[in-house]
Amino acid sequence: MTDTARPIVLSGIQPSGRLTLGNYLGAIKNWLPLSERYDCYYMLVDLHAITVRQDPAQLRERSYEFLALYIACGLDPQRNVLFAQSHVPAHARLGWILNCYTQMGELNRMTQFKDKSAKHVDNINAGLYSYPVLMAADILLYQASQVPVGDDQKQHLELTRDVAQRFNNLYGKVFTVPEPMIPPVGARIMSLKEPTKKMSKSDEAETNAIYLLDPPDTIVRKLKKAEMDSGNEIRFDIAGKPGVSNLMSILSATSGESFDAIAERYNGQGYGKFKQAVADAVVECLAPVQAKYRELRADEEGLRKVLRSGADRASAKADATLKKVHDVLGFIPE
Ligand code: TRP
């Protein structure tokens, strides 16, 4: 972990909404083996979360919940640096500096800003606008070379690369220019009712997503209602059979079975039986995660200890970059 020669992975997740099966199978699960080859940093982006109004009690609860769920999903806090963005002051400090190296014209093009300001017309605040600049600071502080994100964050990553290159051109090689690590189509878990859309933790319709803390009967009920096509074939075909393909992805990721094996086993047996098999696999996969979660969540002091140690480790790395930035800008050393 202290081997500085290892490349760095960093990602962040907003402690808003509720973590879904899609977050687990499409993201967290893929992060587990990364710590063998990379120094990995994962943070709760609470500073980003307040760009839209949050209920304070809920934000705190979700932050504990997300941390406990990450660990319950297998993300070992010894092998990965788990921390809260608000605990590492360097984020806000570099965020300010990078605001001075980002053009308004660039921020005006950000599609997430356009979407979010259309959704929150009564609160189009400056933080929402410069959200991608803080995200660039998050990434560049750690000299991350790989950034696991969803497809929707690609534009923010491009901006991060542009800002890093601009800064490096002016001041020498201060920042590592990062690459996005985007899961391939097919590895993504889609909404149950609208399987051409991503399964999202912020979806308002409850039945679109399976939440990691859903009890077994809820999981069964939601899968029974999953949208399928009018045929009866079990075959992987994202364009023609998005609902069936999505459930095949879920079954394959939870049971380890290949698409071919799944198609052979369930084809011709009707969607009802197939859905039940998917539900059984999901319930079985989530049972140990939920048990571990309850144990971790009951020990709030233990969770805070994880965050304190994470913030110490993160600060060591982040402060070194910030110092370099202050130095090239001409600030008097502290
Ligand atoms: N904007 C990201 C999202 O909504 C969250 C995020 C903030 C992030 N900072 C980051 C992701 C740094 C990766 C790296 O998904």
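All residue numbers refer to position in the chain's written sequence, counted from 1. Side-chain atom pairs in this predicted model are given and counted only at pLDDT of 80 or more, local residue features only at pLDDT of at least 70, and totals for whole chains, interfaces and linings cover all residues. In computing side-chain properties, one takes all heavy atoms of the structure into account and sets aside hydrogens as well as water.

**Topic: the overall build of the chain**
- Secondary structure is summarised from DSSP: a helix means a run of H or I of at least four residues, a strand means a run of E of at least two, and numbering begins at the N terminus for each. Within the chain, the secondary structure is distributed over 13 helices and 5 strands.
- Against the compact-globule benchmark of 20 Å for 334 residues, the chain has a radius of gyration of 21 Å, which places it among compact chains.
- Once the C-alpha set of the chain is aligned to its principal axes, its extents read approximately 70 × 45 × 40 Å.
- Residue exposure (1.4 Å probe, protein chains only): buried if accessible area is under 20% of the type maximum, exposed if over 50%, otherwise partly exposed. Residues classed as buried in the chain amount to 52% of the 334 residues present. Computation of the radius of gyration draws on C-alpha atoms, with the globule rule given as 2.2 Å multiplied by the number of residues to the power 0.38.

**Quick word on the site of the ligand**
- Whether a residue is near a molecule or strand depends on its heavy atoms: if one lies within 4 Å, it is near. In the vicinity of the ligand, 14 residues are found, and the nearest of them are Gly12, Tyr131, Met135, Asp138 and Gln153.
- Asp138 is positioned with one of its side-chain polar atoms (N or O) 2.7 Å from a nitrogen atom of the ligand.
- The definition of a polar contact used here is a pair of N or O atoms within 3.5 Å, where within protein one atom must be able to donate a hydrogen and the other to accept one, and adjacent residues in sequence count solely through side-chain atom pairs. A distance of 3.0 Å separates a nitrogen atom of the ligand from a polar side-chain atom of Gln153.
- Considering the ligand on its own, with 370 Å² of exposed area, one finds that the protein chains cover 89% of that surface.
- Taken together, the elements giving at least two residues each to the shell around the ligand come down to β1 (8-13) and α7 (126-140).
- We call Asp, Glu, Lys and Arg charged. Ala, Val, Leu, Ile, Met, Phe, Trp, Tyr, Cys and Pro are nonpolar, and the rest, Gly among them, are polar. Across the shell around the ligand, the residue classes break down as 8 nonpolar, 5 polar and 1 charged. Residue exposure ignores everything except the shown protein chains as possible cover, and the areas themselves are Shrake-Rupley values with a 1.4 Å probe.

**Thoughts on helix α13 (residues 300-329)**
- Take the residue count of a helix, subtract one, and multiply by 1.5 Å to get its expected span. Along its 30 residues, α13 runs 41 Å from first to last C-alpha, staying within 8% of the 44 Å computed at 1.5 Å per residue.
- The largest bend in α13 amounts to roughly 30 degrees and is located at Ser315.
- If you check which residues of α13 are buried, you get Leu303, Val306, Leu307, Gly310, Ala311, Ala314, Ser315, Ala318, Thr321, Leu322, Val325 and His326.
- Positive backbone phi, at 95 degrees, marks Gly330, one or two positions downstream of α13. A residue's bend is the angle separating two fitted axes: one through the seven residues that end there, the other through the seven that start there.

**Brief notes about the domain arrangement of the chain**
- Here the chain is described as being made up of domain 1 (8-182 + 300-329) and domain 2 (206-294).
- Per the annotation, domain bounds derive from an automatic or database assignment of domains. Just the C-alpha atoms count here: the centres of domain 1 and domain 2 sit 31 Å apart.
- Here a residue-residue contact requires only that any non-hydrogen atoms of the pair lie within 4.5 Å. Contacts between the two partners involve 13 residues from domain 1, matched on the other side by 15 residues from domain 2.
- Buried area: the sum, over both parts, of the accessible surface (1.4 Å probe) that disappears when the two are put together. At the boundary of domain 1 with domain 2, total buried surface from both sides reaches about 1300 Å², with 76% on carbon and sulfur atoms.
- Among the ionic pairs, Glu206 bridges to Arg18, the shortest N-O distance being 2.5 Å.
- Where domain 1 touches domain 2, the interface holds 4 residue pairs in polar contact (both at pLDDT 80 or more). What makes a salt bridge here is a side-chain nitrogen of Lys or Arg within 4 Å of a carboxyl oxygen of Asp or Glu, nothing more.

**Some words on the layout of surface pockets**
- Buriedness for pockets is judged along seven lines, at least five of which must meet protein on both sides within 12 Å for an open set on the 1 Å grid over protein atoms alone, while cavities are sets there where a 1.4 Å probe fits but cannot get out, and lining residues have an atom within 4 Å of a point. Grid points are joined across faces, edges and corners, and a volume is the space filled by probe spheres set on the points. Counted as a void, the second largest pocket has a volume near 360 Å³.
- Forming the boundary of the second largest pocket are 16 residues, of which Asp46, Arg60, Ser63, Ser86 and His87 lie nearest the centre.
- Looking at the lining of the second largest pocket, the elements with two or more residues in it are α3 (56-72) and α13.
- Of all the elements, α3 adds the most residues to the lining of the second largest pocket, at 5 residues.
- Of the residues that constitute the lining of the second largest pocket, the class distribution is 7 nonpolar, 4 polar and 5 charged.

**Description of the packing of helix α4 (residues 90-99) against α13**
- For helices, the fitted axis covers only the stretch in contact; all axes are lines through C-alpha atoms, and the angles between them, taken along N-to-C directions, range from 0 to 180 degrees. Contact geometry for α4 and α13: axes closest at 10 Å, N-to-C directions at 30 degrees. By the criterion of interaxial angle, the relationship of α4 to α13 is roughly parallel. Every pair of crossing elements has a handedness; the one defined by α4 and α13 is left-handed. Judged by residue contacts, Ala90, Arg93, Leu94 and Ile97 of α4 engage Ala318, Asp319, Leu322, Val325, His326 and Leu329 from α13. Roughly parallel means an angle under 35 degrees; roughly antiparallel means over 145; roughly perpendicular covers 65 to 115; every other angle is labelled oblique. We call a crossing left-handed when the near helix sits turned anticlockwise from the far one by less than a right angle, and right-handed when that turn is clockwise.

**Some thoughts on unusual backbone geometry**
- Its identity is not glycine, yet Gln143 carries a phi of approximately 55 degrees, on the positive side.
- Looking at the secondary structure, you find Gln143 in the loop between α7 and β4 (146-148).

**A look at the environment of Gly231**
- Along the polypeptide, Gly231 turns up in the loop between α9 (216-224) and α10 (242-255).
- Linking Gly231 and Gly270, residues 39 residues apart in sequence, is a C-alpha distance of 9.3 Å.

**Some remarks on the environment of Glu61**
- Tracing the sequence through the fold places Glu61 in helix α3.
- You can call Glu61 partly exposed: its relative accessible area is 33%.
- As a C-alpha pair, Glu61 and Ile139 span 78 residues in sequence and 25 Å in three-dimensional space.
- Not counting residues up to four positions away in its chain, the partners in contact with Glu61 are Tyr293 and Arg297.

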